[in-house]
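Chain and residue survey
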Amino acid sequence: MSVRSLPDDWWPEWLQDFALEDPLGESPVVVAEIGETKAEDSSYRHLFTALVPVKHLRSVLDYPGGIGNRVSANGPHPDVYRGRWYYSPRFWVFTPEFLPDGLEPLVVSWNSGNNCVLLPDQGFLMTYGLAPRLADTDGVTCMYWDDPSLPLTDVVEARTVSKHQFPERRGATVKVNRDYLQDYATIRSRALVQVYFMVRTGPLTQGIREILGAKEGAELSFKGRLLDLRLLRDQREPSILAQVWGVRLLMKPGDAPISAGRREYASLRWPGIPDPITQESARGLGTLRDAYVRDNVLGLFEGKEGFDIDPESGAVSYEQQWAVSYTRRVGRDHIAVDLRKLYEGCPQEVIVHWHAHAVPPPSRASTVSEKRNVGTRARRIVYGLADLGEALAELAAPILGRAMTARDFTGLDRSDLDCHWWWTAPCVEPTTRHIPKELKKDEFGARCDKLSKLVVEGLDSGEKALRRLLEAVGVPAEDIKTDKNEPWKSIQLLDHLVRLCEEANRSGLRLGDSGSELHNRVREESAPSLAATTRSDATLRPSARLFALKKLRNLHEHRPKPNWQTDFENALRYFGVNPVAQASHWGTALDAVYDGVGESLEATAVILARTVDPW
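Everything numeric here is computed off the predicted structure, so don't read it as measured data.

Some points on the sheet that holds strand β12 (residues 168-169)
Strand order in the open sheet made by the four strands is β6-β7-β11-β12, with antiparallel pairing throughout. The two strands at the open ends of the sheet, each matched to only one other strand, are β6 (107-112) and β12.

Here is the structure:
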């Protein structure tokens, strides 16, 4: 094979993966990278992204052997004496004589000792008003830059320092949201190219044999690329060390998905509204101005800093910048939004996002049959927990001889919930997020875990008070332990107290002065546990569903384990859920868990409230 006959797109077979790589295939896009290497690795690569004036793009891409392959800097620690104390920091990617000042890098870089630093260009960050944030990702501290004005998180993601300790090197990368890259290329009127260097060892193929002939190596120059092949004979079989220096096109100027129309409002067709809606036409809407969206529209905002979501109405606000506030829940899965107010007070990105989830007006029959939603269900649980705490406090105060509050038993207080919006407490907010009917099984387990953290951990905060209450009415400490002599946890303590109260209400005995007798009457029953409670008992023993919720949380945290599926199905039965019927639609199963827990908390509070006169 003649070197001269090789086409410009020729690569060794074992480098074709890089040759065919699509750098824009995913978002965010890698715009700078220093490869991670281990002692046993024989490959390495780095790449950087630079801006090229469009008129010089072809010259850069076609330059024989390629241009510079990394970012150069006139520091650190420049020789300031030569400049008579004048110094201007600069970064560039080397280019030949047709661009003597080099190319502007999108990511700047410098070396200090055995560290190589990568940082997004501050001009790019400033253009979009990006704000930095540190976060831990897979045990590594990463820097993220967010766009607070939209808001949009993770516009830029960076692992900023590569440390080289021969023979190993810790990798570093900078990734940028693809839309922001396209926008920047457009508004700067520049193309984006990637310069790279790569080294890899591969087999001595027949094609490479023909190129080398009797030589130990060959240097092949193509348009925009230099390929150096070296024969390695110090191994069991001869192999080839390939080094590549090159440049490739990333993107050209085109549309501006971020900047174009940033201050303009969209013209969109909404199902159920006859004409397209713009900012101007929205102002003139009469009574027919409600559009409907699926409540998964809230997923973009849930759990993110700066947002407040009213789970009962579906309203969303972002700090003091904008709000979608004229909304109401319709049935289980829909939200009605006032288009006049949506167009009046929200940026285009928010309007477009809500439009992407628009649906035709739901039928009256469907909304009547599904009145409850995650907001009403979560509120029932939160206030049920507060009511339970109040009932426990009222029951315990005369027995323990001191004032008690709901917070002492469940961690929630009604006055705080009323004053500070009940859904804003950190332990509450995760339970108020929308519940897709298409929820996956693992997601179901995760949501049960969040609900358990609110309910079970709330009760755990009152474990000490519950234990003292039982002991104060005459229950021996040794009787409130498991068969393994372990102290009962909060739900077991609550369950036993409820049984004492039920017996007191049935028999007419007073809890305060007949606690021992009541305990003797109920202790013959099996110790409270999920395994000992049958489905028919669940309607009589309200705490049974609390045991089941805790079991679902434990199963989610410790999967897989022996008998996992059997335990999972048994726990679901307490909520009337048939796991076979759920298939991939676990949202309705989560509805049943919410309803069952809410009902249990209310029923428990009612039983305790009937026993408020313990003497």
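Regarding the packing of aromatic side chains
Inspection of every chain in the model, using the stated rule, returns 21 aromatic pairs. For the pair Phe124 and Tyr184, a centre-to-centre distance of 4.9 Å together with 85 degrees between the ring planes defines the contact as edge-to-face. Of this pair, Phe124 sits in helix α3 (residues 122-127) while Tyr184 is found in helix α4 (residues 178-188), placing the two residues 60 residues apart along the sequence. Side by side, Phe124 and Tyr184 carry an identical accessibility label, which is buried. Every member of this aromatic cluster is reached through a ring pair, and the members are Phe124, Tyr128, Tyr180 and Tyr184. The positively charged end of Arg90 is found above the aromatic ring belonging to Trp92, 4.1 Å away from the centroid.

Some words on the packing of helix α17 (residues 544-557) against helix α20 (residues 587-609)
Contact geometry for α17 and α20: axes closest at 9 Å, N-to-C directions at 140 degrees. What the angle tells us is that α17 and α20 run oblique. Crossing of α17 over α20 shows left-handed handedness. Here Arg545, Leu546, Leu549 and Leu552 of α17 lie close against α20, whose contacting residues are Val593, Gly596, Val597, Glu599, Ser600 and Leu601. Looking at the contact of α17 with α20, its residues break down into six nonpolar, two polar and two charged.

Section: unusual backbone geometry
The peptide bond linking Ser27 to Pro28 adopts the cis configuration, its omega dihedral lying at 10 degrees. Take Pro28: it is sitting in the loop between α1 (16-19) and β1 (29-34). Across the junction of Phe166 and Pro167, the peptide omega takes the value 5 degrees, indicating a cis bond. Structurally, Pro167 can be placed in the loop between β11 (161-165) and β12. Its identity is not glycine, yet Ser189 carries a phi of approximately 55 degrees, on the positive side. Its place among the elements puts Ser189 in the loop between α4 and β14 (190-203). According to the relative accessible area criterion, Ser189 is partly exposed, its value standing at 44%.

Some remarks on the side chain of His334
Secondary-structure assignment places His334 in strand β23 (residues 334-338). The buried category is assigned to His334, whose relative accessible area is 18%. In this structure, His334 is in contact with Val293, Arg294, Asp295, Arg328, Arg329, Val359 and Pro362, ignoring residues within four places of it in sequence.

Some thoughts on helix α15 (residues 490-507)
Taking 1.5 Å of rise per residue, the 18 residues of α15 would be expected to cover 26 Å, and the 26 Å separating its terminal C-alpha atoms lies within 8% of that figure. Counting buried positions along α15 yields 14 of 18 residues, so the element is predominantly enclosed. Directly after α15, the chain includes Gly508, whose backbone phi takes a positive value near 90 degrees.

Concerning the sheet that holds strand β24 (residues 358-359)
Strand pairs in the sheet, formed through backbone hydrogen bonds, run parallel or antiparallel to each other. Strand order in the open sheet made by the four strands is β22-β23-β18-β24, with antiparallel pairing throughout. Unpaired on one side and paired on the other, β22 (327-330) and β24 mark the two borders of the sheet. Sheet topology note: the strand β18 (residues 290-294)/β24 ladder contains two bridges and is antiparallel. If you follow Val293 over to β24, its bridge partner there is Ala358.

Some remarks on the environment of Ala548
Structurally, Ala548 can be placed in helix α17. For Ala548, a relative accessible area of 0% corresponds to the buried category. Between the C-alpha atom of Ala548 and that of Ala406, which follows or precedes it by 142 residues, the distance is 23 Å.

Some thoughts on the pattern of salt bridges
The full count for this structure, using the stated rule, is 38 salt bridges. As a salt-bridge pair, Glu216 and Arg233 come within 3.4 Å of each other at their nearest N and O atoms. Pair noted here: Glu216 is in the loop between α5 (206-212) and β15 (217-222) and Arg233 is in the loop between β16 (225-232) and β17 (239-251), with a separation of 17 residues, a long-range link. Residue classification places Glu216 among the partly exposed positions, given a relative accessible area of 42%. A salt bridge links Glu344 to Lys341; the shortest N-O distance between them is 3.4 Å.

Quick notes on the pairing of β22
Sheet analysis places β22 next to β23, joined by four bridges and oriented antiparallel. The partner of Val330 across the bridge, within β23, is His334. Counted along the chain from β22 to the antiparallel partner β23, the turn is three residues long, and its residue Gly331 has a positive phi close to 65 degrees.

Focus on the side chain of Thr327
Examined against the element boundaries, Thr327 turns out to sit in strand β22. Using a relative accessible area of 12% as the deciding quantity, one classes Thr327 as buried. A distance of 3.1 Å separates a polar atom in the side chain of Thr327 from the backbone nitrogen of Ala315. Filtering out sequence-adjacent residues up to four positions away, Thr327 remains in contact with Ser313, Gly314, Ala315, Ile335, Ala336, Val337 and Trp354.

Considering the nonpolar core
In terms of nonpolar packing, the biggest core is built from 74 residues, with Phe444, Val455, Leu497, Phe575, Val597 and Leu608 touching the most fellow members. At the level of elements, α10 (374-400), α13 (441-460), α14 (463-472), α15, α16 (515-522), α17, α18 (564-573) and α20 are the ones that each hand at least two residues to this core. It is α10 that contributes the most residues to this core, 14 residues altogether. Those residues within four positions of Phe575 in sequence are excluded, and the remaining contacts are Arg545, Ala548, Leu549, Leu552, Ala592, Val593, Gly596 and Val597. Formed by 47 residues, the second largest nonpolar core is a distinct cluster that contains Ile34, Leu99, Ala158 and Leu250.

What about the packing of α15 against α17?
Running from N to C, α15 and α17 point in directions that differ by 170 degrees, and their axes come no closer than 10 Å. If you check the angle between α15 and α17, you find them roughly antiparallel. Contact with α15, carried on its side by Ile491, Gln492, Leu494 and Asp495, involves Leu546, Phe547 and Lys550 of α17 and no other residues of that element. When its residues are assigned to classes, the contact of α15 with α17 shows four nonpolar, one polar and two charged.

Quick look at the environment of Tyr292
Position of Tyr292 relative to the elements: it lies in strand β18. Between the C-alpha atoms of Tyr292 and Asp333, which are 41 residues apart in sequence, the distance is 10 Å.

A look at α4
In an α-helix, one turn spans 3.6 residues; hence positions three or four apart end up facing the same way. Those residues of α4 lying buried are Tyr180, Leu181, Gln182, Asp183, Tyr184, Ala185 and Thr186. The distance from a side-chain oxygen at the start of α4 to the backbone nitrogen of Asp179 is 2.9 Å, and the residue carrying that oxygen is Asn177. Remark: Ser189 follows α4 within two positions and exhibits a positive phi of approximately 55 degrees.

Calculation rules
- Residues numbered from 1 in each chain as written.
- Predicted model: local features only at pLDDT ≥ 70, side-chain atom pairs only at ≥ 80, totals over all residues.
- Heavy atoms only, no water.
- Pairing = 2+ DSSP bridges.
- Helix = DSSP H or I, 4+ residues; strand = E, 2+ residues; numbered from the N terminus.
- Phe/Tyr/Trp six-rings, centres within 6.5 Å; stacked < 30°, edge-to-face > 60°.
- Buried < 20%, exposed > 50% of the residue type's maximum accessible area, 1.4 Å probe, protein only.
- Lys NZ or Arg CZ within 6 Å of the ring centre and 35° of its normal.
- Axes fitted to C-alpha atoms, helices over the stretch in contact; angles between N-to-C directions.
- Parallel < 35°, antiparallel > 145°, perpendicular 65-115°, else oblique.
- Left-handed = near helix turned anticlockwise from the far one by under 90°.
- Contact = heavy atoms within 4.5 Å.
- Nonpolar A, V, L, I, M, F, W, Y, C, P; charged D, E, K, R; others polar.
- Expected span 1.5 Å × (residues − 1).
- Salt bridge = Lys/Arg side-chain N within 4 Å of Asp/Glu carboxyl O.
- Polar contact = N/O pair within 3.5 Å; in protein donor to acceptor, adjacent residues only side chain to side chain.
- Core = buried A, V, L, I, M, F, W, Y, C linked by side-chain atoms within 4.5 Å.

Remember, this is a structural readout, not a statement about activity or role.
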